[in-house]
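# Residue-level structure breakdown
The chain contents come next:
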Amino acid sequence: MLLINNLHVSVQGKEILRGVNLEIGTGEVHAIMGPNGSGKSTLSYVLSGREGYDVTEGEILYNGKNLLELDIHERAGEGLFLAFQYPVEIPGVSSMNFLRTSLNSVRGYRGEKEVSAVDFLKLVREKARSLGMDDKLLQRPVNVGFSGGEKKRNEVLQMSLLEPNLAVLDETDSGLDIDALKVVADGVNALRSPKRSTLLITHYQRLLGYIVPDFVHVLAKGKIATSGSKELAVELEKKGYGAFGFDKTEAA
Amino acid sequence: MSRTQLHPDSRIEYHESYFAALRDQLPGASILRKKAMEVLKRDGLPTRRTETWKYTDLRQLFRSEFRPAAHNKIKRDAFESYIVEGSHSIVFVDGLFSASLSCLEGLAGKAEFESLAGFLNGKDDRDPWPSIVDIEKAGLAALNTLLMKDGVVFKIADGVSIDRPIQFIFVMSENSAAEMHLRNLVTVGLNSQATIIQTYISIGQSTSFCNVVTELVLEKDAYLRHIIHQDSSDSSWHIGQVAARLESRAHLNNFVLSSGARLARSEISVDLNDNQADCSLKGLAMVRGRQHCDNTTDVIHHKSHCRSSQSYKNVLDDYSRTVFQGRIFVSPNSQKTDAHQMSRNLLLSRGANADSKPELIIHADDVKCSHGAAVGELDQDALFYLKTRGIDGPTARNMIVHAFVSDLLEGMPEDHVKEYLKRFINSWLRDIKQFKEVA
């Protein structure tokens, strides 16, 4: 599904990723952990195509395609989804209009028919309900006036509407209380399938108790320092990053 | 000062001789015209040293040559897309009333229409109407008064409600280079209501100069929704001025949509003449290329318990410029005034430039007044967010620009007029050039 080879990325001339290698197979759930400033979010932004992140070396292959050559919206069309650490508020753009435009854009890219207004409403209500989201939230502009937990639920709602092949969740657990964390995790787990892969980016092990990964990687100083099974996350949590020879916080 | 600059005084000589040559063709109002000539000779035409004209430079306009309009034959099809569905229409071609293109059935007993030329004919000895526009104020109103030739005289009776919108359509014919001085006089009677739309358009390219003054009188309890849509050729000139006087409990809802002309200025002054009068002024300018668009307001609270709100937005692309000058004046008699003003600008290009100048003069102490101004670029985070959800760049950008402008139309009833405005706003958005990332 995803193959990252020797990826070097600079932001404003400063090298953040220094040779990341990572392979995610179809149906697998990977977690990337690491201290603050190790480059976790940079990796998610490079995958989604954000500007200002210069790939100086290496490649990313997604289903055999050169991901770096695709526009941001094309990546979404190809089934890549990024759940934001800090979802963006967009005043004046209604949530419903946004979700429908998004769904129909992705469907259009995939050569599928647009969803009618009536079917869309049914679909979105059903999905929102399963995530414990109030319908009224969707009457508001995108993320405007949403609490931290509501924003994260909204991310998962979008994910379940767009049904991605590869979902990248950037610190989805941050700012969530335990109940909200469970709802969000259930939403993510509901999408798990042998055809879909997930990349969880997280600072803490907490989320991994709810979304159990097949592999855990530790990112430090812009490289994958060590990889292992889910037990690695438990060990990290117990002993701290320091015990593994990583600084607790690395200057970005 | 550059040597090539044409001094405004020489322009007045030009207008004086122009006036002398045209005198026989201009209808009536000789006393008014004489007064206007005196004002022009005394004060001259505005320059950038005139305070209210600091940001809008008319030198290019004054250097341009215009020629009288030929009588161009135009068919209604040529401007069909500009006709508001279900409206009464009064049509002018190159500044002259066209009865054959107009369509005014069903107004009998409710309103009377006359062309200004007809109305002024023979009215020479005295002021033909109690004018409310101040021709001594810096601007082109004196010039308009000197040279006014045609326009709309529209009187709405007392106690009537006109359901269909009334549209004044001013068409500039293809390749026209006319100088037009139009004067519109509108009265809305006691407790009456109506919607009036003034549309300025060109067929093809035009280098015409349209100088229009509209006087609005709203009697007690009258309600007028007044829309100006200025979408003339981007090589033409448009100077428009509205002077409104509102009596007790009268309510004016004014909206200016401006996307045409190389240089446009829409000025509105509102006299809230008696208690509880209420005006809402809104404006949206959408400009590109090297267009210049100026919205200037002057709201005067003369009496107590009046309300006024002003909300102006500009969307600027390429090297365009916008100006907003908003003035609120609260007289000592105007306790319990509620007056607000806001101007916001969205720059789609680093080459664009927006100037905003609020001016509040408050002589009463028990009032609520506020003002604000903001200039911003497209929110790159919002753009990125939309794109990660599969929405392509141009669509994402249009969603954000649309969100910026859409609240101006909130509160307007869902009717053909709103549809009409939405249609032109959307068509401007679609014409934004292929997506440019803001560096």
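Each chain has its residues counted from 1, running along the sequence as written. Throughout, the order in which chains and ligands are written sets their labels, letters from A for the former and numbers from 1 for the latter. The predicted origin of the model limits local features to residues at a pLDDT of at least 70 and limits the giving and counting of side-chain atom pairs to 80 or more, whereas totals for whole chains, interfaces and linings rest on all residues.

### Some words on the overall build of chain A
- Every helix listed is a DSSP run of H or I at least four residues long, and every strand listed is a run of E at least two residues long, numbered separately from the N terminus. Scanning chain A from terminus to terminus reveals 7 helices and 12 strands.
- We take the radius of gyration over the C-alpha atoms and set the globule estimate at 2.2 Å times the residue count to the 0.38 power. Taking 2.2 N^0.38 as the reference for a compact globule, 252 residues should give roughly 18 Å; the C-alpha atoms of chain A span a radius of gyration of 18 Å, in line with that estimate.
- C-alpha atoms of chain A, sized along the principal axes, occupy 55 × 40 × 35 Å.
- Burial status across chain A gives 41% buried among its 252 residues. Three classes are used. A residue is buried when 20 or more other C-beta atoms lie within 10 Å of its own, exposed when 12 or fewer do, and partly exposed in between, with C-beta atoms placed from the backbone.

### So, the overall build of chain B
- Looking only at helices and strands, chain B has 8 helices and 19 strands in total.
- A globule of 439 residues ought to have a C-alpha radius of gyration of about 22 Å, and chain B, at 21 Å, matches this closely.
- In terms of its C-alpha atoms, chain B occupies a principal-axis envelope of roughly 70 × 50 × 50 Å.
- Counting all 439 residues of chain B, 49% fall into the buried class.
- Once local pairs closer than 6 in sequence are excluded, the contacts in chain B between residues at least 24 apart make up 84%. With C-beta atoms placed from the backbone, a contact is any residue pair whose C-beta atoms sit within 7 Å.

### With respect to the confidence of the model for chain B
Residue and element names in this part refer to chain B.
- Per-residue confidence from the prediction method is given by pLDDT, with values spanning 0 to 100. Put simply, chain B has an average pLDDT of 92, and 96% of its residues get 70 or more.
- Note on residues 1-5: pLDDT under 50 across the span, and 1 contact to partners over four residues away in sequence or across chains.
- When the criterion is pLDDT under 50, residues 435-439 qualifies, and its contacts beyond four places in sequence or with other chains add up to 8 contacts.

### Observations regarding helix α7 (residues 230-243) of chain A
All names here are of chain A.
- Maximal helix bending in α7 amounts to about 75°, located at E237.
- Taken together, the buried positions of α7 are L232, A233, L236 and Y241.
- In the core, the buried residues of α7 are packed alongside β3 (29-33), β11 (215-220) and β12 (223-228). In this analysis the local bend is the angle between axes fitted, respectively, to the seven residues ending at and the seven residues starting at the residue.

### Topic: the interface of chain A and chain B
- Across the boundary between the two partners, chain A contributes 19 residues, which contact 17 residues of chain B.
- Secondary structure elements with two or more residues in the side of chain A that touches chain B: α2 (72-77), β7 (90-94), α3 (95-109) and α5 (148-162) of chain A.
- For the side of chain A that touches chain B, the element with the most residues is α3 of chain A, which contributes 5 residues.

### Let's talk about the nonpolar core
- In this usage, the nonpolar core is the set of buried Ala, Val, Leu, Ile, Met, Phe, Trp, Tyr and Cys residues whose C-beta atoms join them within 7 Å. Core analysis: the largest hydrophobic core is formed by 179 residues, its most contacted members being F81, A83 and V168 of chain A together with L218, L246 and I400 of chain B.
- A domain-level breakdown of this core finds at least three residues from each of domain 1 (8-274) and domain 2 (380-433) of chain B. By convention here, the domain bounds are inherited from an automatic or database domain assignment.

### Focus on the sheet that holds strand β15 (residues 307-316) of chain B
All names here are of chain B.
- Should DSSP find at least two bridges between two strands, the strands are regarded as paired. Taken together, the 10 strands give an open sheet; going across it, the order is β2-β1-β5-β7-β9-β11-β13-β15-β17-β19, and neighbouring strands pair in mixed fashion. Edge positions in the open sheet fall to β2 (96-103) and β19 (368-377), since each of these has one partner strand only. On average, each strand axis in the sheet is inclined to that of its neighbour by 10°, with strand direction left out of account.
- As defined by bridge partners, strand β17 (residues 338-347) adjoins β19 across 10 bridges and the pair is classed as parallel. When the sheet's bridge partners are listed, M342 is paired in β19 with G372.
- For helices, the fitted axis covers only the stretch in contact; all axes are lines through C-alpha atoms, and the angles between them, taken along N-to-C directions, range from 0 to 180 degrees. Sheet strands in contact with helix α7 (residues 393-406) are β13 (278-287), β15 and β17, and its direction is about 160° off that of β15.

### Details of the sheet that holds strand β5 (residues 65-66) of chain A
All names here are of chain A.
- In spatial order, the strands read β2-β1-β4-β5; together these 4 strands make up an open sheet with antiparallel pairing. Lying at the two open borders of the sheet, with one neighbouring strand each, are β2 (14-24) and β5.
- By the bridge criterion, 8 bridges tie strand β1 (residues 2-11) to β2 in an arrangement that is antiparallel. Note on β2: the bridge partner recorded for H8 is R18.

### Details of the domain arrangement of chain B
Residues and elements named next belong to chain B.
- By the assigned domains, chain B splits into domain 1 (8-274) and domain 2 (380-433).
- Taking the mean C-alpha position of each, domain 1 and domain 2 sit 31 Å from one another.
- Contacts between domain 1 and domain 2 engage 11 residues on the former and 6 residues on the latter.
- Sorting the residues of the side of domain 1 that touches domain 2 by element identifies β7 (193-202) and β9 (223-231) as the ones contributing at least two each.

### Some words on the pairing of β7 of chain B
Residue and element names in this part refer to chain B.
- Among the 10 residues of β7, 9 are classified as buried, and the element is accordingly described as predominantly covered.
- Bridge count for strand β5 (residues 166-172) against β7 is 7 bridges, and the pairing is parallel. Within β7, the position partnered with Q167 by the bridge is I197.

### Details of helix α8 (residues 416-430) of chain B
All names here are of chain B.
- Here the expected span of a helix is defined as 1.5 Å times the quantity of residues minus one. For α8, built from 15 residues, the straight-helix expectation of 21 Å at 1.5 Å per residue is met to within 8% by its first-to-last C-alpha distance of 21 Å.
- Those residues of α8 not exposed but buried are V417, Y420, L421, I425 and W428. Buried residues along α8 cover an arc of 125° about the axis, so they all sit on one side. Residues of α8 that are exposed and point more than 90 degrees away from the buried face comprise E419, R423, N426 and R430.
- Summarising the contacts, the buried residues of α8 are in contact with β7, β9, β11 (251-258), β13 and α7. What the arc measures is the spread of directions leading from the helix axis to the C-beta atoms.

### Focus on the packing of α5 of chain A against helix α6 (residues 178-190) of chain A
All names here are of chain A.
- At a minimum axis separation of 10 Å, α5 and α6 run at an interaxial angle of 10°. If you check the angle between α5 and α6, you find them roughly parallel. Together, G149, K152, R153, V156 and S160 of α5 and A180, V183, V184, G187 and V188 of α6 make up the contact between the two elements.
- Residues that form the contact of α5 with α6 fall into these classes: 5 nonpolar, 3 polar and 2 charged. Angle categories are assigned with fixed cut-offs, so that under 35 degrees is roughly parallel, over 145 is roughly antiparallel, 65 to 115 is roughly perpendicular, and the rest are oblique. Charged means Asp, Glu, Lys or Arg here, nonpolar means Ala, Val, Leu, Ile, Met, Phe, Trp, Tyr, Cys or Pro, and polar covers whatever is left, Gly included.

### Things to note about the environment of K195 of chain A
Residues and elements named next belong to chain A.
- Assignment of secondary structure puts K195 in the loop between α6 and β10 (197-202).
- Since 11 C-beta atoms lie within 10 Å of it, K195 is described here as exposed.
- Expressed as a C-alpha distance, the spacing of K195 and P87, which sit 108 residues apart in the sequence, is 26 Å.
- Not counting the four nearest positions on each side in its chain, K195 is found in contact with T26, G27 and N165.

### Focus on the environment of R75 of chain A
All names here are of chain A.
- Tracing the backbone shows R75 in helix α2.
- With 24 C-beta atoms counted inside 10 Å, the residue R75 sits in the buried group.
- The spatial distance from the C-alpha of R75 to the C-alpha of V106 is 9.6 Å, given a sequence separation of 31 residues.

### As for unusual backbone geometry
- One non-glycine residue, K221 of chain A, adopts positive backbone phi at about 50°.
- Looking at the element boundaries, K221 of chain A is found in the loop between β11 and β12.

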